[in-house]
Amino acid sequence: MSLTAARPGGVRHPIARRPHNGNVRFLRGLRQPVRYAVLLAGAVPVLAFPAANLEFLAWIGLVPGLALMHAAATRREAVVRGWWFGTGYLLAAMYWLAPNLGPALLLVAVVLGFLWSAVGLAVWSVLRPPITLLRAIAALVVVPSSWLVTEWIRSWQGLGGPWAVLGASQWQHPAILALAAVGGVWLVTFALVLANTGILVALAAKSAAARLVGAAGALLAVLAGPVAFALTAPAPVAGQVTIALVQPGILSGNYARVVRDEQLTASMAHRADLFVWGESSVGYYLPSHPAMLASIEHLSKSAGAQVLVDQDAANPAGAQTKQALLIASNGIEGRYVKTRLVPFGEYIPFRSVLGWLSKISRAAPRNVASGTGAHDITATLPGGRRLRIGVLICFESAFPDMSRVDADHGAQVIIYQTSDSTFQASWAPAQHAALSALRAAETGRPVVQAALTGDSAAFDARGRLLAWAGTSYRGVVLAHLQLPPASAKTIYDRLGDYVPWTATGIVLLAAATGLTGKRLSRRRRLAGAAEPPPTEQADVKSGAVADTPGSATPAQLD
């Protein structure tokens, strides 16, 4: 709408607008209560994760936020509400990083939360009133795809990694995790968002047909997991192994930690096929400490099994690394160097720009050197049996591609070493251990996690819990595992990340369709504006002007 003012004589001219004040608009946005409601709505689904473990909220907890996006008056407001929702989700999911990041946690949440603006745009665009049958069907595909692409993008290590992916909230339900064996955690996420979208459509649509489609979509999402579980059989058992997870707890000093690990391992001598210590269990560069290495070699011989330790130390050149070392009675027989590092904890992304964070928080003062990628290690078990193991460290349990690489290389069991001692009083240790259930279901391999201070856990090849030791536990957990054949592969092993790639294609197609429709609508508006309004009705044959109301006759013109 243009503003005009009349000059003398009736001629109108436009009034000059004042330059837009961006600060005023920003402050006005902060005063809108509905946006804070969206922020809180973003935190609701986080309660589905450990330690709250209200898993059912993942099936319905997105509805309030999606409804607020749908109710936005404009496309721009829907985008902004999606942004606020994502910010609330990340703040709640990663609150435990506050000691490391300090006020920068808010900055990270706001920047990454912007990705959810795509969800707000998708909800508003495909569910604009009236919600027709076609729009209801489109919503059941486009909205879950938009959410999934958002999670997939932020799962890139450079943007922080895939922590609190919505599908991980279902870690206690093997029947739902069967979807992970088909399409990874991404397919579980798609099903959850599909259920929430279906509920929103059923509530918001006025058409009975559209409401029925929404309800059917939600029902399909709920039943997909149990159906997949019933139709897929576990791989045949090719062997068994007992792995001891050593959890010494918080101890003062590197030497005291090694001594306690040795004591606990010795107490379980000849009761396990392999002993696993947690991340940072050895704070010494063992090649430079031959006496300590010899002590662990002797321990391996007396305990009757090899010991998988984790060396967290700088080499003589000064490079800090974290390495899993498989130690036998005759020395080091295998190693793996941690590849995916914890953002801000072990390195600062874009350090040249964000290095100042180490001055105001406990962010990494220097970057840890990373390895070259996942690879298997061959352990020799009592009796001379050989076992291919995939060893990964700490944060790497969040990345489904790494355990899949290990499985593709023939690993029969996936082992994680971690230390969550910095976050003992938070939800982080439980959330971390729960990720192993997802990796087990995805790869069809049993998965164990040995945590220095908890939580240690073990899951079978379908993601079912076998053992769990919380942060208060001190001792050794024995995990008795059934091994699949080295050649066994799930559908996800074979096809990889086809689900997020398909979702990306859907989002791009929806965006192209939306842009095309917008251009056609604009052309129609312009074409309508270009047609001159009718002024006179002329009788062409007689040459006379029709005498219509408000028109002047030739006589009057004279």
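As the structure is a prediction and not an experimental result, all values here were calculated from the model.

Brief notes about the overall build of the chain
- Counting secondary structure elements, the chain contains 20 helices and 14 strands.
- Classification of the 558 residues of the chain by burial places 51% in the buried group.
- For the chain, the proportion of contacts with a sequence separation of at least 24, taken over those separated by at least 6, is 69%.
- With an accessible surface of roughly 25400 Å², the chain has 63% of that area assigned to carbon and sulfur atoms.

Regarding the packing of helix α8 (residues 117-126) against helix α9 (residues 133-154)
- Running from N to C, α8 and α9 point in directions that differ by 175°, and their axes come no closer than 9 Å. One way to sum up the angle between α8 and α9 is to call them roughly antiparallel. In contact with A118, V119, A122, V123 and V126 of α8, α9 contributes R135, A139, V142, V143, S146, W147 and T150.

Focus on the packing of helix α10 (residues 174-204) against helix α11 (residues 208-231)
- The interhelical angle for the contact between α10 and α11, taken along N-to-C directions, is 165°, at an axis separation of 8 Å. Looking at the two axes, α10 sits roughly antiparallel to α11. As for the relative orientation of α10 and α11, their crossing is left-handed in sense.
- Residues belonging to the contact of α10 with α11 are distributed by class as follows: 20 nonpolar, four polar and one charged.

Quick notes on a nonpolar patch on the surface
- A grouping of L219, V222, L223, V227 and L231 is seen on the molecular surface, where their side chains present a nonpolar patch of about 480 Å² in accessible area.
- Of note, L231 is situated in helix α11.
- Residue L231 is classed as exposed on the basis of its relative accessible area, which comes to 70%.

Comments concerning the side chain of T87
- The topology assignment puts T87 in helix α5 (residues 75-93).
- According to the relative accessible area criterion, T87 is buried, its value standing at 7%.

Side note on the pattern of salt bridges
- The final tally for this structure, using the stated rule, is 12 salt bridges.
- Note that R385 is salt-bridged to D273, the shortest N-O span being 3.4 Å. One end of the pair, R385, is in the loop between β8 (376-380) and β9 (386-393); the other, D273, is in the loop between α12 (254-267) and β4 (274-276), with 112 residues separating them in the sequence.
- Between E346 and K322 there is a salt bridge whose closest N-O contact spans 2.8 Å. Of this pair, E346 sits in the loop between β7 (331-337) and α14 (351-354) while K322 sits in strand β6 (residues 320-328), and the two are 24 residues apart along the sequence.

A few points about the pairing of strand β3 (residues 239-247)
- Of all nine residues in β3, seven are buried, a share of seventy percent or more.
- The pairing of β3 with strand β14 (residues 475-483) spans nine bridges and is antiparallel. From the neighbouring strand, Q247 faces β14, where its bridge partner is G475.

Quick look at the nonpolar core
- In terms of nonpolar packing, the biggest core is built from 127 residues, with Y89, W147, I243 and I389 touching the most fellow members.
- No other element matches the 18 residues that α10 contributes to this core.
- In contact with I243, other than residues within four places in its own chain, are L274, V276, V413, I415, V448, V477, L478, A479 and L481.
- Grouped together as the second largest cluster of nonpolar side chains are 22 residues, A244, M268, A305 and L325 included.

Brief notes about α8
- Taken across its 10 residues, α8 has seven buried, putting it largely inside the fold.
- Among all positions of α8, only S117, V119, G120, A122, V123, W124 and V126 are buried.
- Where α8 is buried, its residues meet α4 (63-70), α5, α7 (104-113), α9 and α10.

Looking at unusual backbone geometry
- Geometrically, the link from P50 to A51 is a cis peptide bond, its omega value of 10° lying close to zero.
- Looking at the element boundaries, A51 is found in the loop between α2 (33-43) and α3 (57-60).
- Geometrically, the link from G454 to D455 is a cis peptide bond, its omega value of 0° lying close to zero.
- Considering the arrangement of structural elements, one finds D455 in the loop between β11 (447-451) and β12 (456-459).
- For N53, which is not a glycine, the phi torsion comes out positive at approximately 55°.
- Positionally, N53 belongs in the loop between α2 and α3.
- The backbone phi angle of S280 is positive, close to 65°, even though this residue is not glycine.
- Relative to the assigned elements, S280 resides in the loop between β4 and α13 (290-303).

Structural notes on the packing of aromatic side chains
- Enumeration according to the criterion identifies 13 aromatic pairs in this entry.
- A ring pair is formed by Y89 and W116, whose centres lie 5.5 Å apart and whose planes are at 45°; its orientation type is tilted. In this pair, Y89 is assigned in helix α5 and W116 in the loop between α7 and α8, connecting sequence segments 27 residues apart. Just as Y89 is buried, W116 falls in that class too.

Description of the environment of V188
- Mapped onto the elements of the fold, V188 is located in helix α10.
- Apart from the residues within four sequence positions on either side, V188 is in contact with G167, Q170, I176, L179 and A180.

Describing the environment of P130
- With respect to the secondary-structure elements, P130 resides in the loop between α8 and α9.
- In this structure P130 comes out as exposed when scored by relative accessible area, which is 59%.
- Note: C-alpha distance between P130 and S207 (77 residues apart in sequence) is 8.5 Å.

Regarding the sheet that holds β9
- Read across the sheet, six strands follow the order β8-β9-β10-β11-β12-β13 without closing on themselves; strand pairing throughout is mixed. Strands at the two margins of the open sheet, each flanked by one partner only, are β8 and β13 (465-469). Averaged over all pairs of adjacent strands, the angle between strand axes in this sheet comes to 20°, irrespective of strand direction.
- Of the pairings in the sheet, the one linking strand β10 (residues 413-418) to β11 comprises five bridges and is parallel in character. For Q417, the partnering residue across the bridge sits in β11 and is A450.
- Each of β8, β9 and β10 is contacted by helix α16 (residues 400-408), which is oriented at about 165° to β9, the strand it contacts most.

A word on the sheet that holds β6
- On the basis of which strands lie adjacent, the open sheet formed by six strands has the order β7-β6-β5-β4-β3-β14 and mixed pairing. Because the sheet does not close on itself, it has two edges, and the strands there are β7 and β14. With direction set aside, neighbouring strand axes in the sheet form an average angle of 30°.
- Looking at chain direction, β4 and strand β5 (residues 306-314) are connected through three bridges and run parallel. For F275, the partnering residue across the bridge sits in β5 and is V307.
- Taken strand by strand, α12 contacts β3, β4 and β14, and its axis lies near 140° from that of β3.

Basis of the calculations
- Residues numbered from 1 in each chain as written.
- Predicted model: local features only at pLDDT ≥ 70, side-chain atom pairs only at ≥ 80, totals over all residues.
- Heavy atoms only, no water.
- Helix = DSSP H or I, 4+ residues; strand = E, 2+ residues; numbered from the N terminus.
- Buried < 20%, exposed > 50% of the residue type's maximum accessible area, 1.4 Å probe, protein only.
- Contact = heavy atoms within 4.5 Å.
- Areas by Shrake-Rupley, 256 points an atom, 1.4 Å probe, with all protein chains shown as cover.
- Axes fitted to C-alpha atoms, helices over the stretch in contact; angles between N-to-C directions.
- Parallel < 35°, antiparallel > 145°, perpendicular 65-115°, else oblique.
- Left-handed = near helix turned anticlockwise from the far one by under 90°.
- Nonpolar A, V, L, I, M, F, W, Y, C, P; charged D, E, K, R; others polar.
- Patch = residues over 30% accessible without salt bridge, like charges linked within 9 Å, V, L, I, M, F, W, Y side chains within 5 Å.
- Salt bridge = Lys/Arg side-chain N within 4 Å of Asp/Glu carboxyl O.
- Pairing = 2+ DSSP bridges.
- Core = buried A, V, L, I, M, F, W, Y, C linked by side-chain atoms within 4.5 Å.
- Phe/Tyr/Trp six-rings, centres within 6.5 Å; stacked < 30°, edge-to-face > 60°.

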